Amino acid sequence: PDAAFIDMTNEELSADEYVIESVTLLGEIFGQQEEAQTLIDDFHAAVEEAQEAYDSEVSVMGLVTSANEIRYASPQDGRGASVFFDLLDMTPALDAEGSTNHQGDDISIEAIAEAEADFFLVLDRDAAVAGEEESSPAIELITESSSLENVPAVQNEAIYVMPDDYYLTEDVFAFTTVLEGLTEAFGDVAQ
């Protein structure tokens, strides 16, 4: 009954503002201000490097794979990818209304294909919560989909799948890891 409760939700902050505020607060709570500042500095550096690596001519689509299905993730409020659209000001291949549904938004695979995205940013939900026998890896679902075979992202292997635990963590460490991965992936697309 005497435990402290700290509410770190803040719907009004952008993703980067939220990361900074929450990490700063945790640093203060645990007396680890220097470590918190290092994490924030690493996050900012990763954002800057990814921004430099990204070419706004490259259209990006967020996807969520779940239960062996490929679903769209809106750049505004879709699960997984939307934070990176905000941080990097990426050009959406499709800007349809989304939801915060953890399994992705209900847009047909044909609509995903017709958007002809240059790059897919993918959250493999099942990598974190399902066993191997229950679902196929995201990269396999996407590259083996006959509906997506002519999409530039698939033809050029311009697909970045977030780390397996991203769905469960979505913290400063995960954001920094994805940003570093995107920096490398965008560099490969540019070559």
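Structure: see above.
Described below are features of the structure shown in this document. (Residues numbered from 1 in each chain as written. Predicted model: local features only at pLDDT ≥ 70, side-chain atom pairs only at ≥ 80, totals over all residues. Heavy atoms only, no water.)

1. Re the overall build of the protein chain
No. 1: Counting its secondary structure elements, the protein chain contains nine helices and five strands.
No. 2: The N-to-C order of helical and strand elements in the protein chain reads α-α-β-β-α-β-α-β-α-α-α-β-α-α.
No. 3: Taken over 191 residues, the protein chain has a buried fraction of 42%.
No. 4: When contacts within the protein chain are restricted to residue pairs at least 6 apart in sequence, those whose partners lie at least 24 apart make up 68%.
No. 5: Counting every atom, the protein chain has about 10400 Å² of accessible surface; 44% of that belongs to carbon and sulfur. (Helix = DSSP H or I, 4+ residues; strand = E, 2+ residues; numbered from the N terminus. Buried < 20%, exposed > 50% of the residue type's maximum accessible area, 1.4 Å probe, protein only. Contact = heavy atoms within 4.5 Å. Areas by Shrake-Rupley, 256 points an atom, 1.4 Å probe, with all protein chains shown as cover.)

2. Quick notes on the pattern of salt bridges
No. 1: One pass over the full model with this rule turns up three salt bridges.
No. 2: Note that Glu69 and Arg71 form a salt bridge whose closest N and O atoms lie 2.9 Å from each other.
No. 3: A relative accessible area of 38% places Glu69 in the partly exposed class.
No. 4: Taking relative accessible area as the criterion, Arg71 reaches 18% and is therefore assigned buried.
No. 5: A salt bridge links Asp126 to Arg125, with the nearest nitrogen and oxygen atoms 3.5 Å apart. Each member of the pair Asp126 and Arg125 is classed as buried. (Salt bridge = Lys/Arg side-chain N within 4 Å of Asp/Glu carboxyl O.)

3. A short note on the nonpolar core
No. 1: With 37 residues, the main nonpolar core has Phe84, Phe119 and Leu121 as its most contacted residues.
No. 2: Residue assignment for this core shows that the elements contributing at least two residues are α1 (15-29), α2 (33-53), β1 (59-66), α3 (82-88), β4 (119-124), α8 (166-169) and α9 (172-190).
No. 3: Once residues within four sequence positions are removed from consideration, Phe84 is found in contact with Asp89, Met90, Leu121, Met162, Tyr166, Phe175, Val178, Leu179 and Leu182.
No. 4: Formed by 20 residues, the second largest nonpolar core is a distinct cluster that contains Tyr72, Ala93, Ala113 and Ala153. (Core = buried A, V, L, I, M, F, W, Y, C linked by side-chain atoms within 4.5 Å.)

4. Thoughts on the pairing of β1
No. 1: Within β1, eight of the eight residues are buried, leaving the element largely enclosed by the surrounding structure.
No. 2: Neither face of β1 is exposed, since Ser59, Met61, Leu63 and Thr65 on one face and Val60, Gly62, Val64 and Ser66 on the opposite face are all buried.
No. 3: Strand direction decides the pairing type here: β1 and strand β3 (residues 91-92), joined by two bridges, are parallel. Note on β3: the bridge partner recorded for Ser59 is Thr91.
No. 4: The pairing of β1 with β4 spans six bridges and is classified as parallel. Its bridge partner being in β4, Gly62 is matched across the sheet by Leu121.
No. 5: In the sheet, β1 pairs with strand β2 (residues 69-73) via five bridges, with the strands oriented antiparallel. Within β2, the residue paired with Thr65 across the bridge is Ile70. (Pairing = 2+ DSSP bridges.)

5. Re the environment of Glu52
No. 1: Assignment of secondary structure puts Glu52 in helix α2.
No. 2: A sequence separation of 91 residues divides Glu52 from Thr143, and the C-alpha atoms of the two residues are 28 Å apart.

6. Points about the environment of Val58
No. 1: Assignment of secondary structure puts Val58 in the loop between α2 and β1.
No. 2: Val58 sits in the buried class, given a relative accessible area of 12%.
No. 3: Taking the C-alpha atoms as reference points, Val58 and Gly27, 31 residues apart in sequence, are found 37 Å from one another.
No. 4: Contact partners of Val58, with chain neighbours within four places excluded, come to Thr91, Asp118, Phe119 and Val189.

7. Remarks on a negative patch on the surface
No. 1: Residues Asp41, Asp42, Glu48, Glu49, Glu52 and Glu180 make up a contiguous surface patch of negative charge.
No. 2: Considering every element that reaches the negative patch, the biggest residue donor is α2, with five residues.
No. 3: Within the secondary structure, Glu48 is located in helix α2.
No. 4: For Glu48, a relative accessible area of 48% translates into the label partly exposed. (Patch = residues over 30% accessible without salt bridge, like charges linked within 9 Å, V, L, I, M, F, W, Y side chains within 5 Å. Lys, Arg positive; Asp, Glu negative; His and termini not counted. Charge placed at Lys NZ, Arg CZ, Asp CG, Glu CD.)

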